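Observations on the model geometry
For reference, the chains in residue letters:
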Amino acid sequence: MKRAGTRSYAGRWAIAAMIAVAIAISYLDRQTLPWAIKYIEADIPIGNQTKAFLDSAFLATYGLMYLGGGWLLDRWGTRRGFLAIMIFWSLACASHGLASGIAALMVSRLLLGVGEGGGFPAATRAIAEWFPAERRAAAMGLVNAGTAAGAVMAPPLIAGILAYGDWFGLSSWRWVFFVTGAFGLGWALWWFATYRTPPVADSDTHEADGPAPTIAMLLARREVRGLVAAKFLSDGAWYFYLFWLPKYLFEAHGFDLKQAATIGWIPYAASGVGSLCGGWLSSRLLSSGRSVDAARKIALGLSAACMPWVMFAPTTGSIAAIIAIFSLAFFGQQSWSTLVMTLPTDLAPRSALGRLAGLVGLGGAFGGIVMGQAAGWALDAGLGYTLVLTVAATLHLIAFALICIAIPRIVPITFMRKAVP
């Protein structure tokens, strides 16, 4: 990769690929606890409610620091900000391996959420710095595909460490966290050695005159509120699928561990294809002469149309059909996510990208908390998966309608500060 100032086609995509690796590491890190938990329980007893509390703790700080990470990036810039974020979350991941009880695990989950909350704001800002509008969705698609790569490689990698990693007399589950944390530190060294922020004059991102807009100025705009609310709804469905799909397959369709290991990865792989396809379609529409507004909304609408089919899963007896339904949903969700995380680059100046991406991510994380708690209550009340999946299946359609209403036309927003008399 060229160093400072590279604007070549290959150089830009090399940067996008490097960021995709960071996102893959983040999804690997957040799955360490779920996959290693049976081994952890041999040393630290963890009940179902405690496990749910650990998940919610991660999502809470993840959502809050999505916004905090955005603020940090706007102050420090992409290079220094992303470096600090990656080092922090990698050390937080490794700290799980030092835990001796629930309290220590809780602190580690909270810290991991704090660090990882800055990942996507940093990615969004870097893509906006290096790619023009007609290429950003495709670049974000590549970055978002990192989520699938991390999710697909987590089970075999973690299983291998658990099986063979009892080094130096430490339990193998501890090495899961040490090894995955080391991956992030290695990436941070790579980033520090190769990434340079392009000068503002060389960037295609539109700039607002005067100081950067504040959080209050952002939230005062209907477009921003609509985008945050749409992310709240759609990520509510996504985190439900992400955290509950294995449990649903085991309980409702009689999956065993062999089936889960053999075909359970397929929906996650489909999510990676969706990330690439959604970004590619939007960029293709732009290149063919469509406006940014049309290119983004056509791709968003098609992505949302993949989601309602999940409501038919409870009435389907075929395992192949179940996997196909959830693969379509995961495909559509990550295509959607790619596009939604591209929208801040279309709406905000570079000086506010971190804040806006942070607000959007904050909405998504808290949508996941609300949907997860609601699903748990409904299932404990005996209402079953049919109701929960039906609700989840509608959320992307509602979110798409909300975007169309709140953002009648996707164009850069002008933020004006009131004059002080």
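Named according to an unreviewed UniProt entry, the chain is MFS transporter originating from Sphingobium cupriresistens LL01. UniProt, in the comment section headed Subcellular location (unreviewed entry), describes the chain in these words: "Membrane".

Our next topic: a nonpolar patch on the surface. Side chains of Trp 377, Leu 383, Leu 387 and Val 391 sit close together on the surface and give an oily, nonpolar patch of about 400 Å² of accessible area. In this fold, Val 391 is placed in helix α16 (residues 384–406).

Turning to the UniProt feature "transmembrane region" (unreviewed entry) in the chain, a few remarks are in order. Under the UniProt annotation, the feature "transmembrane region" (unreviewed entry) is placed at residues 9–28, 52–73, 82–104, 140–163, 175–193, 319–344, 356–379 and 385–408. Structurally, residues 52–73 is divided into 100% helix and 0% strand, and its ends, taken at the C-alpha atoms, are 31 Å apart.

Glancing now at the environment of Gly 70. Mapped onto the elements of the fold, Gly 70 is located in helix α3 (residues 48–76). Note on Gly 70: relative accessible area 0%, which makes it buried. For the pair Gly 70 and Thr 124, spaced 54 residues apart in sequence, the C-alpha separation works out to 9.8 Å. The contacts of Gly 70, once residues within four sequence positions are left out, are Met 65, Pro 121, Gly 354 and Arg 355.

All right, on to helix α13 (residues 292–304) then. Because each turn of an α-helix spans 3.6 residues, side chains separated by three or four positions in sequence point in the same direction. Between its terminal C-alpha atoms α13 stretches 18 Å, which fits the 18 Å expected from 13 residues at 1.5 Å a residue. Taken residue by residue, α13 has Asp 293, Ala 295, Arg 296, Lys 297, Ala 299, Leu 300, Gly 301, Ser 303 and Ala 304 as its buried positions. Buried residues along α13 sit against α7 (133–164), α12 (266–287), α14 (319–347) and α16.

The subject of this paragraph is the environment of Phe 331. Its location among the elements puts Phe 331 in helix α14. With 28 residues separating them in the primary sequence, Phe 331 and Ser 303 have C-alpha atoms 8.0 Å apart. Once residues lying within four places of it in the same chain are set aside, the contact partners of Phe 331 are Ala 270, Ser 271, Val 273, Gly 274, Cys 277 and Cys 306.

Relative to the assigned elements, Arg 174 resides in helix α8 (residues 172–194). Although buried, Arg 174 forms no salt bridge, and the nearest oppositely charged side chain, Asp 43, lies 4.6 Å from it.

So, on to the domain arrangement of the chain. Each assigned domain of the chain is listed here: domain 1 (13–199) and domain 2 (212–413). Here domain 1 and domain 2 have C-alpha centroids that lie 20 Å from each other. Contacts between domain 1 and domain 2 engage 37 residues on the former and 42 residues on the latter. Together, the buried faces of domain 1 and domain 2 total about 3,100 Å²; carbon and sulfur atoms form 66% of this surface. Here domain 1 and domain 2 share 0 salt bridges between them. Where domain 1 packs against domain 2, one counts 1 residue pair in polar contact (both at pLDDT 80 or more). Sorting the residues of the side of domain 1 that touches domain 2 by element identifies α1 (9–30), α3, α6 (119–130) and α7 as the ones contributing at least two each. The biggest single contributor to the side of domain 1 that touches domain 2 is α7, with 15 residues.

Once that is clear, we can look at empty space enclosed by the protein. Tallying each qualifying case throughout the model produces 3 cavities of 30 Å³ or more. Its boundaries defined by the atoms lining it, the largest cavity holds a volume of some 140 Å³. When residues of the lining of the largest cavity are traced back to their parent elements, those giving at least two are α1, α3, α7, α10 (222–253), α14 and α15 (350–380). Residue composition of the lining of the largest cavity, by class: 8 nonpolar, 7 polar and 3 charged. Two domains each donate at least three residues to the lining of the largest cavity, and these are domain 1 (13–199) and domain 2 (212–413).

Take α12 next. Here α12 is 22 residues long and its end C-alpha atoms lie 31 Å apart, about the 32 Å a rise of 1.5 Å per residue gives. Phi for Gly 289, located one or two positions after α12, is positive at around 110°.

So, about the packing of aromatic side chains. Remark: the centre distance and the inter-plane angle together describe each pair of aromatic rings, the angle taken between the planes. Taken as a whole, this structure holds 17 aromatic pairs when the rule is applied. Between Phe 168 and Trp 175, the ring centres sit 6.0 Å apart and the planes meet at 40°, which makes this aromatic pair tilted. Classification of Phe 168 by relative accessible area gives exposed; the value is 78%. For Trp 175, a relative accessible area of 16% gives the class buried. An angle of 80° between the planes, with centres 6.1 Å apart, marks the rings of Tyr 241 and Phe 326 as edge-to-face. One end of the pair, Tyr 241, is in helix α10; the other, Phe 326, is in helix α14, with 85 residues separating them in the sequence. Here Tyr 241 falls in the buried class, since its relative accessible area comes to 1%. Exposure remark for Phe 326: the relative accessible area of 3% places this residue in the buried category. The residue whose ring lies beneath Arg 30 is Tyr 27, and the NZ or CZ to ring-centre distance is 4.1 Å.

One finds Ile 19, Ile 40, Phe 240, Tyr 241, Phe 326, Leu 389 and Ile 403 to be the most contacted residues of the largest nonpolar core, which totals 124 residues. Top element by residues in this core is α10. It accounts for 14 residues. Residues within four places of Ile 19 in sequence aside, it is in contact with Phe 82, Ala 123, Ala 126, Ile 127, Val 143 and Trp 191.

On to the environment of Phe 53. By the element assignment, Phe 53 lies in helix α3. The exposure class of Phe 53 is exposed, given its relative accessible area of 54%. Considered as a pair, Phe 53 and Val 273 are 220 residues apart in the sequence and their alpha carbons are 32 Å apart.

Parameters and conventions
Residue indices follow the written sequence of each chain, beginning from 1 at its first position. Totals for whole chains, interfaces and linings use every residue, but because this is a predicted model, local features are given only for residues with pLDDT of at least 70 and side-chain atom pairs only at 80 or more, for both listing and counting. Values reported for side chains reflect all heavy atoms of the structure, with hydrogen atoms and water molecules removed beforehand. UniProt positions are given in the numbering used here, feature names are shortened, and annotations may be inferred rather than shown by experiment. Note on patches: the residues involved have over 30% relative accessible area and no salt bridge, like charges join within 9 Å, and the nonpolar side chains Val, Leu, Ile, Met, Phe, Trp and Tyr join within 5 Å. Calculation of accessible area relied on Shrake-Rupley with a 1.4 Å probe; when residues are assessed, cover is drawn exclusively from the protein chains displayed. Salt bridge, as applied in this entry: a Lys or Arg side-chain nitrogen positioned within 4 Å of an Asp or Glu carboxyl oxygen. Labels follow the DSSP assignment, with helices taken as runs of H or I lasting at least four residues and strands as runs of E lasting at least two, numbered in each case from the N terminus. Burial classes follow relative accessibility: with a 1.4 Å probe on protein chains only, a residue under 20% of its type's maximum area counts as buried, one over 50% as exposed, and anything between as partly exposed. Contact between two residues is taken to exist if any of their heavy atoms lie within 4.5 Å; hydrogens are not considered. Helix span, as expected, comes to 1.5 Å for every residue beyond the first. Positive charges come from Lys and Arg, negative ones from Asp and Glu, while His and the chain ends are left out of the count. Where each domain starts and ends comes from a domain assignment, either automatic or drawn from a database. Defined here as a combined quantity, buried area equals the accessible surface (1.4 Å probe) lost by two parts on assembly, summed across both. Polar contact is defined as a pair of N or O atoms within 3.5 Å, subject to the rule that within protein one atom must be able to donate a hydrogen and the other to accept it, and that residues adjacent in sequence are counted only when both atoms are side-chain atoms. Method remark: on a 1 Å grid restricted to protein atoms, a set of points is classed as a cavity if a 1.4 Å probe fits but cannot get out and as a pocket if it is open with protein on both sides within 12 Å along at least five of seven lines; lining residues have an atom within 4 Å of a point. Grid points are joined across faces, edges and corners, and a volume is the space filled by probe spheres set on the points. The residue classification treats Ala, Val, Leu, Ile, Met, Phe, Trp, Tyr, Cys and Pro as nonpolar and Asp, Glu, Lys and Arg as charged. All others, Gly included, are polar. When two rings of Phe, Tyr or Trp (its six-membered ring) have centres within 6.5 Å they constitute a pair, described as stacked for plane angles under 30 degrees, edge-to-face for angles over 60, and tilted for the intermediate range. A ring has a charge above it when a Lys NZ or an Arg CZ is no more than 6 Å from the ring centre and no more than 35 degrees off the ring normal. We define the nonpolar core as a collection of buried residues of types Ala, Val, Leu, Ile, Met, Phe, Trp, Tyr and Cys that are connected through side-chain atoms lying within 4.5 Å of one another.

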